Amino acid sequence: MLSTVIKGKEVYNCNSYLSTIQSQSKSISNQMAILDNYPNRFVAEPIDASAISMTLNSGDTAHIIRAYDGSLLTTHDVVKVTGNPLHDMHYPWNEVQKIVVYNRYKKNARPVVGHVRGFGIADGAMAGSVAHDCHNIVAIGSSDEYIVKAINRIIEMRGGEVAIAGEEMTDIALPIGGLISPLGGHEIAYRSSLLRDTVRRAGCGLKSPFITMAFMCLPVIPELKLTDRGLFDSVAWRFVE
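Source: prediction; values computed, not measured.

Novice: I'm lost on the overall build of the protein chain in this one. Help?
Specialist: Within the protein chain, the secondary structure is distributed over five helices and 13 strands. Relative to its full complement of 241 residues, the protein chain shows a buried share of 48%. Excluding contacts between residues fewer than 6 apart, the proportion of contacts in the protein chain whose partners are at least 24 apart in sequence is 58%. Here the protein chain displays about 12,000 Å² of accessible surface, and carbon together with sulfur accounts for 53% of that area.

So this is what it looks like as structure tokens:
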């Protein structure tokens, strides 16, 4: 919400809280040194781009999660890769981004990589530790480098949400169980709006991109979702090979 007017008088303006937000003693930067004081289980270690590499060759079958704005339901696109996978598909390949789920509770876990369509991220990435139901790290992005940068920032904060658009990165720490922020409501609201704006600048037009991404990991909601064990088809009730 940008502004609220009652009987012709403005009673709230989001910009009026900016100075208060910036001057709060409990800022995210000040809290980084005491994140271990919060109850949490976050043992995931930083990764590099090689950990999420994926090769598609001519003749391969790609299983793609198709997400929809305002819906938790997805559909399952099965695409036969012919020739160059960047060009020779039945829809433009640049409409598809990588989606990564990384177990945050287990040391030496390996990220699981899939493909998702519907987010439209063209130049950036988004990541979060709010990912139903297990709340592992989930990330979607236009390049491995962006995805890794977002995931590693989540790990550094021991939970949170991150948005990257080009050289710009916005984040909010959720160090209480990787789900909750100790910050005040005004700062959370402000930083949440910055996250949404950053995701939009990266190309994502979804109304609630982080909520939609969070449910890309919930395998009991049809049709195709990605967990830390792999792609799961809830219609066929099996993992996709």
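Novice: Explain the side chain of Ser129 to me, please; I cannot follow it from the model alone.
Specialist: With respect to the helices, strands and loops of the structure, Ser129 is situated in the loop between β7 (124-128) and β8 (137-141). The buried category is assigned to Ser129, whose relative accessible area is 0%. Engagement of the side chain of Ser129 in a polar contact is seen with the backbone nitrogen of Gly160, the distance being 2.9 Å. Within the structure, Ser129 has its side chain in polar contact with the backbone oxygen of Gly178 (distance 2.5 Å). Residues within four places of Ser129 in sequence aside, it is in contact with Phe42, His135, Asn136, Ile154, Gly159, Gly160, Gly178 and Leu179.

Novice: What exactly am I supposed to notice about the nonpolar core here?
Specialist: Soluble globular proteins: nonpolar side chains tend toward being buried together. Counting 28 residues, the largest nonpolar core has Ile65, Ile99, Val116, Phe119, Met126 and Ile140 as the members making the most contacts within it. Residue assignment for this core shows that the elements contributing at least two residues are β5 (96-102), β6 (112-117), β8, β9 (160-165), α4 (185-201), α5 (209-214) and β11 (224-227). By size, the runner-up hydrophobic cluster in this structure holds 23 residues, among which are Ala127, Ala139, Ile155 and Ile164.

Novice: How should I be thinking about the packing of aromatic side chains in this particular structure?
Specialist: A ring pair, where both rings are aromatic, is described by two values, the distance of the centres and the angle of the planes. Tallying each qualifying case throughout the model produces two aromatic pairs. Centroid distance Phe232 to Trp237: 5.0 Å. Interplanar angle 85°. Geometry classified as edge-to-face. A relative accessible area of 10% means that Phe232 is categorised as buried. Consider the rings of Phe232 and Phe239, whose centres lie 5.1 Å apart with planes at 70°: the pair is edge-to-face. By relative accessible area, Phe239 is classed as partly exposed at 28%.

Novice: Whenever I open this one, the sheet that holds strand β12 (residues 230-233) confuses me. Can you help?
Specialist: Backbone-to-backbone hydrogen bonds pair the strands of a sheet. The strands run either parallel or antiparallel. With respect to topology, three strands assemble into an open sheet ordered β11-β12-β13, the strand pairing being antiparallel. A strand with exactly one partner marks an edge of an open sheet, and here the two such strands are β11 and β13 (238-239). Bridge count between β12 and β13: two bridges; the pairing is antiparallel. Looking at β13, one finds that Phe232 is bridged to Phe239.

Novice: Before we go on, may I ask you to explain α4 in this structure?
Specialist: One full turn of an α-helix is made of 3.6 residues, so residues set three or four places apart face in the same direction. Between its terminal C-alpha atoms α4 stretches 25 Å, which fits the 24 Å expected from 17 residues at 1.5 Å a residue. Buried within α4 are the following residues: Glu187, Arg191, Leu195, Thr198 and Val199. Buried residues of α4, viewed axially, fall in a sector of 105°; they line one side. Positive phi shows up at Gly203, right after α4, with a value of about 115°.

Novice: What is the right way to look at the pattern of salt bridges in this model?
Specialist: Working definition: two side chains of opposite charge can pair if their charged atoms are close together. With the rule as written, the count across this model stands at nine salt bridges. The partner of Lys207 in a salt bridge is Asp69, and the shortest N-O contact between them spans 3.2 Å. Here Lys207 is found in the loop between α4 and α5, whereas its partner Asp69 is found in the loop between β3 (61-66) and β4 (75-80), with 138 residues between them in sequence. On the basis of relative accessible area, Lys207 is assigned to the exposed category, the value being 62%. Across the salt bridge formed by Arg191 and Asp171, the nearest N and O atoms sit 3.5 Å from each other. Taken together, the residues Arg191 in helix α4 and Asp171 in strand β10 (residues 168-173) connect sequence positions 20 residues apart. Of the two residues, Arg191 and Asp171, both sit in the buried class.

Here is what the cut-offs are and how they apply
- Residues numbered from 1 in each chain as written.
- Predicted model: local features only at pLDDT ≥ 70, side-chain atom pairs only at ≥ 80, totals over all residues.
- Heavy atoms only, no water.
- Helix = DSSP H or I, 4+ residues; strand = E, 2+ residues; numbered from the N terminus.
- Buried < 20%, exposed > 50% of the residue type's maximum accessible area, 1.4 Å probe, protein only.
- Contact = heavy atoms within 4.5 Å.
- Areas by Shrake-Rupley, 256 points an atom, 1.4 Å probe, with all protein chains shown as cover.
- Polar contact = N/O pair within 3.5 Å; in protein donor to acceptor, adjacent residues only side chain to side chain.
- Core = buried A, V, L, I, M, F, W, Y, C linked by side-chain atoms within 4.5 Å.
- Phe/Tyr/Trp six-rings, centres within 6.5 Å; stacked < 30°, edge-to-face > 60°.
- Pairing = 2+ DSSP bridges.
- Expected span 1.5 Å × (residues − 1).
- Arc of directions from axis to C-beta.
- Salt bridge = Lys/Arg side-chain N within 4 Å of Asp/Glu carboxyl O.

Functional significance is not addressed by these values, which are geometric in nature.
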